[in-house]
Amino acid sequence: MGHILDRELKKGNAELLILALLEEKARHGYEIGKLITERSEGIVRFHVASLYPLLYRLERRGWVKGDWEPAGGRRRRFYRLTPTGRKTLASQRIRWRAFSGAINRIVEVQSA
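A.B. asks: Any chance you could break down the packing of aromatic side chains for me, citing the residues and the numbers?
C.D. replies: For the structure on display, the rule yields two aromatic pairs. A ring pair is formed by Y52 and Y56, whose centres lie 6.3 Å apart and whose planes are at 40°; its orientation type is tilted. Here the residue Y52 and the residue Y56 both occupy positions in helix α3 (residues 48–60), the gap between them amounting to four residues, near one helical turn. Using a relative accessible area of 23% as the deciding quantity, one classes Y52 as partly exposed. Relative accessible area serves as the criterion here: at 40%, Y56 is assigned to the partly exposed category. Taking the centre distance of 6.2 Å and the plane angle of 45° together, the rings of W96 and F99 count as tilted.

Dropping the structure here:
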């Protein structure tokens with residue numbers, strides 16, 4: 001049950017995680033996955049098989065733009081935020097802060 005819940009939580013927030021990482025700079029898919037794992041201290045992980053379809057979907061929506069660039073002796077597809085992606089990220093952050101704040105007010109112990 002816990003594994004299913006974790007997967008659902010990750011799926012519901014995957015776009016926000018990716019957009020937030022691309023706000024800093026253009027990145028390739030492997031780097032995005034690695035940063036998600038590192039910054040979450042291993043709690044959140046994306047397999048390549050699920051990460052790339054997400055990136056393609058974000059690209060179809062016009063939120064990110066992917067370009068092939070040389071990197072480390074080979075070509076990699078680097079993704080960067082579009083202006084629409086920046087607006088979407090700002091909106092998703094507002095919703096995330098409201099949602100996570102509400103959840104914290106419910107689940108955290110209240111002092112009497």
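A.B. asks: For the pairing of strand β2 (residues 64–71), give the residues involved together with the corresponding values.
C.D. replies: Bridge analysis of β2 against strand β3 (residues 74–81) gives eight bridges, and the strand direction is antiparallel. Pairing of G66 across the sheet is with Y79, part of β3. Linking β2 to β3, which pair antiparallel, is a turn of two residues; within it G72 sits at a positive phi near 60°.

A.B. asks: Describe the side chain of R27, listing the residues and the values that go with them.
C.D. replies: In this structure, R27 sits in strand β1 (residues 27–28). The contacts of R27, once residues within four sequence positions are left out, are L21, L22, I32, L35, R39, R77, F78 and Y79.

A.B. asks: Tell me about the packing of helix α2 (residues 29–39) against α3, and please be specific about residues and values.
C.D. replies: Between α2 and α3, the least distance of the axes is 10 Å, while the angle of their chain directions is 115°. Remark: the crossing between α2 and α3 carries right-handed chirality. Counted together, G29, Y30, I32 and G33 of α2 and L51, Y52 and L55 of α3 form the full contact between these two elements. Within the contact of α2 with α3, the residues separate by chemical class into five nonpolar, two polar and no charged.

A.B. asks: Explain α2 to me, using residue names and the numbers behind them.
C.D. replies: The set of residues buried in α2 consists of G29, E31, I32, G33, L35, I36 and T37. Once α2 finishes, E41 follows within two positions and takes phi at roughly 55°, a positive value.

A.B. asks: Tell me about unusual backbone geometry, and name the residues and values.
C.D. replies: Here the phi dihedral of E41 falls at roughly 55°; this positive angle occurs in a residue that is not glycine. Turning to its location among the elements, E41 is positioned in the loop between α2 and α3.

A.B. asks: Could you give an account of the pattern of salt bridges, with specific residues and numbers?
C.D. replies: On inspection of all chains with the given rule, the structure shows 11 salt bridges. As a salt-bridge pair, E59 and R77 come within 2.8 Å of each other at their nearest N and O atoms. In this pair, E59 sits in helix α3 while R77 sits in strand β3, placing the two residues 18 residues apart along the sequence. Accessibility expressed as a relative area gives 21% for E59, which makes it partly exposed. Sharing partners across several salt bridges, the network here consists of E24, K25, R27, E31 and R39.

The rules behind the values
- Residues numbered from 1 in each chain as written.
- Predicted model: local features only at pLDDT ≥ 70, side-chain atom pairs only at ≥ 80, totals over all residues.
- Heavy atoms only, no water.
- Phe/Tyr/Trp six-rings, centres within 6.5 Å; stacked < 30°, edge-to-face > 60°.
- Helix = DSSP H or I, 4+ residues; strand = E, 2+ residues; numbered from the N terminus.
- Buried < 20%, exposed > 50% of the residue type's maximum accessible area, 1.4 Å probe, protein only.
- Pairing = 2+ DSSP bridges.
- Contact = heavy atoms within 4.5 Å.
- Axes fitted to C-alpha atoms, helices over the stretch in contact; angles between N-to-C directions.
- Left-handed = near helix turned anticlockwise from the far one by under 90°.
- Nonpolar A, V, L, I, M, F, W, Y, C, P; charged D, E, K, R; others polar.
- Salt bridge = Lys/Arg side-chain N within 4 Å of Asp/Glu carboxyl O.

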